[in-house]
Amino acid sequence: NSSDLRPSFLLASVPGLEAQSWLAVLLCCAYVLALTGNGAVLLVVRLEPALHAPMYLFLCMLAAIDLALASCTVPRVLSFYWFGSREIGFGACLLQMFLIHSLSAVESTVLLAMAVDRYVAICHPLRHAAVLTNAAAAKVGLAAMARGVLFFLPLPLLLVPLPFCHSRVLSHSFCLHQDVMNLACANTTPSVVYGLTAILLVMGLDAVLICLSYVLILRAVLRLAAWRERLKVFSTCIAHICVVLAFYVPLIGLSVVHRFGRDLAPLVHVTMGNIYILVPSVLNPIIYGVRTKQIQRRILSLIHVG
C-alpha cells in the first residue's frame, strides 16, 4: 500500500546465492568465532586480577560492543538464509538501525579513549597511573554510551513520519539509516543533514583525534636515541592501530559505497555491509590475543584446564 507509513522491508542477500546453505554456514562460523573470541576476552579479563587495568577495561568494552553488534544483525541474516525469512518489520528495522549506529559510535569513542591511553602512557608515563584509573575508564564507558544514544537516537525518529511508497528492498542484509532513508518518497533533507552531521561529529572527529594522538606519539618515539628502544615503545601501539584500521576501513568503505556506488552491483553493497559488521567483531579478539601475552597465557591455561 503506497500510503502505508509502517511498511515492512525486504533484506538483501548475495544475488543468486539466496538458497546456498554454504554461505549461511560461512556466516555462522564467523558469528561463532566472534562470540567465542570476544567472550574469551571478557572471561580472561574477569578472571585475571592483573588485567584489571584501564587498557583491559577498554578492551572488554570493545568485546562487549562487538558481541552486541554481531548479535543484533547476524542471527537475522541467518534466519533469511536458513528459513527464507526475508521480511523485517518497520519497528524492528528502526531498532536494529539504532543499535548498529549507536554501538558503532560507542566503539569509535572507546577506540579514541584507547588512543589517549597510549598517548599518556608513552608521552607522560609518570602521570599515566594517576590520570587513567579504573574509575576514569568506567566513566569513559558511560560517556561513550550516552554519546552514542544521544547522537543517533534521532536517526530512527526522523524516519518515523516519512511515507514509503517505492521499493521496499534494502541494499544490505540489515537496516542502515541511509539505506532505509533512500526508500522514502518524501523530503529527506533533515534526515540527510542530521545523519551526516552525527557521523562527522562522532566518527569523523574521533578519527581526527586518534590520528593526532598518534602524531604526538610518533614525535615522542622519534626523540628516543636507540632504534631498538623506539621499536619497543611503538610496538605497544600495534594492536590498537590494527583494531582502529579494522573498524574505520570497513566504515569508510561502506560510506563510499553509499555515497558514490549507487550503480555498483548489489553484491558489492551486501558484501561491504557484512564486512562492516563481522570483520571488527572477528579480528579484534584475535589481534589482542596475539599481541597481549597475558591474555595468551590465561587462554592457554583455561584450555589446558578444560
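Structure report, in brief. These numbers were taken from a predicted model, which means no experiment stands behind them.

Focus: the overall build of the protein
- When its secondary structure is counted, the protein shows 13 helices and 2 strands.
- A globule of 306 residues ought to have a C-alpha radius of gyration of about 19 Å, and the protein, at 21 Å, matches this closely.
- Considering the protein as a whole, with its 306 residues, one finds that 45% of them fall into the buried category.
- Long-range contacts, defined here as pairs at least 24 residues apart, represent 79% of the contacts in the protein between residues at least 6 apart.
- Summed over all atoms, the accessible surface of the protein reaches about 14900 Å², with 71% contributed by carbon and sulfur.
- Taking the average location of the 20 positive side-chain charges in the protein and that of its 11 negative ones, the two points are 12 Å from each other.

A few points about the pattern of salt bridges
- Under the criterion given, the structure shown has 3 salt bridges.
- One salt bridge in this structure joins Glu87 and Arg168, with 3.8 Å as the shortest N-O distance. Note that Glu87 is positioned in strand 2 (residues 87-88) and Arg168 in the loop between helix 7 (154-159) and helix 8 (177-181), a separation of 81 residues in sequence.
- Across the salt bridge formed by Asp117 and Arg118, the nearest N and O atoms sit 3.0 Å from each other. As far as burial versus exposure is concerned, Asp117 and Arg118 are alike and both buried.

Calculation rules
- Residues numbered from 1 in each chain as written.
- Predicted model: local features only at pLDDT ≥ 70, side-chain atom pairs only at ≥ 80, totals over all residues.
- Heavy atoms only, no water.
- Helix = DSSP H or I, 4+ residues; strand = E, 2+ residues; numbered from the N terminus.
- Rg over C-alpha atoms; globule rule 2.2 N^0.38 Å.
- Buried < 20%, exposed > 50% of the residue type's maximum accessible area, 1.4 Å probe, protein only.
- Contact = heavy atoms within 4.5 Å.
- Areas by Shrake-Rupley, 256 points an atom, 1.4 Å probe, with all protein chains shown as cover.
- Lys, Arg positive; Asp, Glu negative; His and termini not counted.
- Charge placed at Lys NZ, Arg CZ, Asp CG, Glu CD.
- Salt bridge = Lys/Arg side-chain N within 4 Å of Asp/Glu carboxyl O.

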